[in-house]
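Structural overview for review
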Amino acid sequence: MVEFVYGLPGSGKTSYIMSRLAIDAKAGRRAFLIVPEQATVDVEGELAAALPPSAQLTVEALNFSRLANRVFRERGGLVSNYADKSRKLLFMWRALRECAPFLSEYGTRGADAALPAAMLDSVKEFKISSVTPEVLADAARRISSGGGSGRTLGAKLGDIAIVYSAYSALLGRSFSDSDDDLSRLAAKLGEEPYFGGAAVYIDSFSSFTGQEHKIINFIMRQADETVITLPLRSPHDRSLSAFSSRECSDRLRRDASGLGDDLRAGNAELRALARHFAEEETEGDIPEDERGHVELYSCADPYSECEAAAARVRVLMMSGYRCRDIAIVARDAEKYRGMIDCALEKLDIPYFLSEKTGFSTRPLARLILSALRIKAYGWRRGDVIAHLKTGLCGIGAREVDIFEAYTEKWNINGRAFYAEEGFSMNPDGYVAGTSPRGAVVLETANAVRALLRDRLGALFASMDAAADTAGICRAIWEYLTALDVRGTLGALSARELAEGRRREAEENSRLIDSAADALECICDVFEEKPDTAALASALR
């Protein structure tokens, strides 16, 4: 039996499910409650509080990922060798690189550092929608055959299908992809029925992915009872905000009745907002004493939005709120980078901006990448100076500045940096003698040059002598160890922590481990010894 329960958020759907689970627990029937991943822990607590201890033997709260893990443990198929995001990104980079000659739209974008991440996101979206490379390639052919603007779209989809297929093949040689788990679960349920004699409740979802729809179809066929809740007034709810849920309901082709008004929101204003938002109405009957919880502002542009948010935060702080009681949330935080922080600083509002910082932007990554560029491009002055300015070479800032000024003055490049003979050009220019200051500059420049030549020379020799990728990565790690990068970063983190910059301190303290992980990923991706330019591109 399949039952669908409809009702707007807070209408009592979950309470209804809990009452059904209590009946199942009392009868000793096996029951599963499937909820979104972010709600699993909270629901487990609610089950423990609402049901007797004996219910733990028969009632279980899961999300789709944990359901896959449970079935694989019992019926086989459990995988432990998953590729993390860094490895996936590198395999995608490699797939793009190897497929470039066969791509009509993306073949010339090999130098685009953002393309692997964007392509990886696209492939993930296709996987969770149960779109295979073959299905995508067929769609590309059909779209291209229509002519006109469809040809460009078809060509792009065709390129993505090629890259998607190559990426899956490369990754599958050594690793499994967690994005495939639900597809593997659907295949397993098709081979071996799992939910016989059980009741399955699916709650708190507004829609389902293609993978999840396949699993639900098997659940409905196998379970004695299947109950699914959806946040709609009814199966015929046609409001714009309910579009995805209505599409989901239509796909599942079942009817159910709603369970009433919003019982979750703490005041009438929030209840009215939920109710009238779903109905696309702009007015609601809200008691005077219930107003003031929701405010809407219309702003001309993102800058005005940030200034309005900062001003509101300042008003709240002056009213007695603490900073930790206030949060600014945006659908796309990247859109407001450089604006919201400036608006807050302008009003002297302390804040913490939650954002990801890429490893490639950090000093340690620049140290490694600049060293590889020095080797690949023949000791260009810009690369040498960039290497020294990371602050991780064990050479003081004053010495680096003197070295930079000297090499720039005499336009030094290439072999002059690593030749046996040192610099001899007069720092004072084309004059007969050398001043005391010039002598110090020349001595300092040659000292920096000698250190750089010896250290990088040893690194490059070890890389050339390496038989495989692991040998190259080992040479880079030994170079970092010789520079005592771990100690330098530790001292930098301690100084930043003492200055109150906790976030920067924590990031710098993790950099050396991030470098180790990155080098390990490189070893997993490259089966053959890569050239220096390819290695630098992969790390970037």
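Preceding block: the structure.
So, here's what we can say about the structure. (Residues numbered from 1 in each chain as written. Predicted model: local features only at pLDDT ≥ 70, side-chain atom pairs only at ≥ 80, totals over all residues. Heavy atoms only, no water.)

On a plain count of helices and strands, the protein comes out with 22 helices and 5 strands. Compactness check: the protein gives a C-alpha radius of gyration of 31 Å against a globular reference of 24 Å for 540 residues, more than 25% above the reference. Along the three orthogonal principal directions, the C-alpha set of the protein runs to about 100 × 60 × 60 Å. Counting over 540 residues, the protein shows a buried share of 41%. Within the protein, contacts between residues separated by at least 24 positions form 72% of all contacts whose residues are at least 6 apart in sequence. A total of about 29,100 Å² of accessible surface is found on the protein, and carbon and sulfur atoms cover 52% of it. The centroid of the 68 positive side-chain charges in the protein is displaced by 3 Å from the centroid of its 79 negative side-chain charges. (Helix = DSSP H or I, 4+ residues; strand = E, 2+ residues; numbered from the N terminus. Rg over C-alpha atoms; globule rule 2.2 N^0.38 Å. Buried < 20%, exposed > 50% of the residue type's maximum accessible area, 1.4 Å probe, protein only. Contact = heavy atoms within 4.5 Å. Areas by Shrake-Rupley, 256 points an atom, 1.4 Å probe, with all protein chains shown as cover. Lys, Arg positive; Asp, Glu negative; His and termini not counted. Charge placed at Lys NZ, Arg CZ, Asp CG, Glu CD.)

For Ser130, which is not glycine, the phi torsion reads 60° and is therefore positive. Along the chain, Ser130 falls in the loop between helix 5 (115–128) and helix 6 (133–144). Unlike most non-glycine residues, Trp379 shows phi in positive territory, near 60°. In this fold, Trp379 is placed in the loop between helix 14 (363–376) and helix 15 (381–388).

Before going further, it helps to spend a moment on the packing of helix 4 (residues 85–99) against helix 21 (residues 511–525). Between helix 4 and helix 21, the shortest axis-to-axis distance is 9 Å and the interhelical angle comes to 45°. Relative to helix 21, helix 4 is oriented oblique. Crossing geometry of helix 4 relative to helix 21 is assigned as right-handed. In this structure, helix 4 contributes Ser86, Arg87, Leu90, Phe91 and Arg94 to the contact, and helix 21 contributes Glu520, Cys521, Ile522, Asp524 and Val525. Taken together, the residues of the contact of helix 4 with helix 21 break down into 5 nonpolar, 1 polar and 4 charged. (Axes fitted to C-alpha atoms, helices over the stretch in contact; angles between N-to-C directions. Parallel < 35°, antiparallel > 145°, perpendicular 65-115°, else oblique. Left-handed = near helix turned anticlockwise from the far one by under 90°. Nonpolar A, V, L, I, M, F, W, Y, C, P; charged D, E, K, R; others polar.)

This part is about the nonpolar core. Counting 82 residues, the largest nonpolar core has Leu364, Leu388, Phe403, Leu456, Leu459 and Val485 as the members making the most contacts within it. Core analysis: the next-biggest nonpolar cluster, separate from the first, contains 33 residues, Phe32, Ala186, Tyr194 and Ile215 among them. (Core = buried A, V, L, I, M, F, W, Y, C linked by side-chain atoms within 4.5 Å.)

Taken together, the 5 strands give an open sheet; going across it, the order is 1-5-4-2-3, and neighbouring strands pair in parallel fashion. A strand with exactly one partner marks an edge of an open sheet, and here the two such strands are strand 1 (2–6) and strand 3 (59–62). Here the strands of the sheet are splayed against their neighbours by 15° on average, with no regard to which way each runs. In this sheet, strand 3 lies alongside strand 2 (residues 31–34) in parallel orientation, the contact comprising 4 bridges. Residue Leu33 lies in a different strand from strand 3, and its bridge partner there is Ala61. Docked against the sheet, helix 10 (residues 243–252) engages strand 1 and strand 5 (225–230), running at close to 155° with respect to strand 5. (Pairing = 2+ DSSP bridges.)

Before going further, it helps to examine the pairing of strand 2. Every second residue of strand 2 is oriented toward a common face, with Ala31 and Leu33 on one face and Phe32 and Ile34 on the other, all of them buried. You can see the chain leave strand 2, run along helix 2 (residues 40–50) and come back into strand 3, and the turn it takes is right-handed. For strand 2 and strand 4 (residues 199–202), the ladder comprises 4 bridges, and the chain directions are parallel. Bridge pairing in strand 4 links Leu33 to Tyr201. (Right-handed = clockwise from strand over helix to strand, strands pointing away.)

What follows deals with the side chain of Glu212. The topology assignment puts Glu212 in helix 9 (residues 210–222). Glu212 sits in the buried class, given a relative accessible area of 12%. Among all residues touching Glu212, those that are not within four sequence positions of it are Phe64, Leu182 and Ser207.

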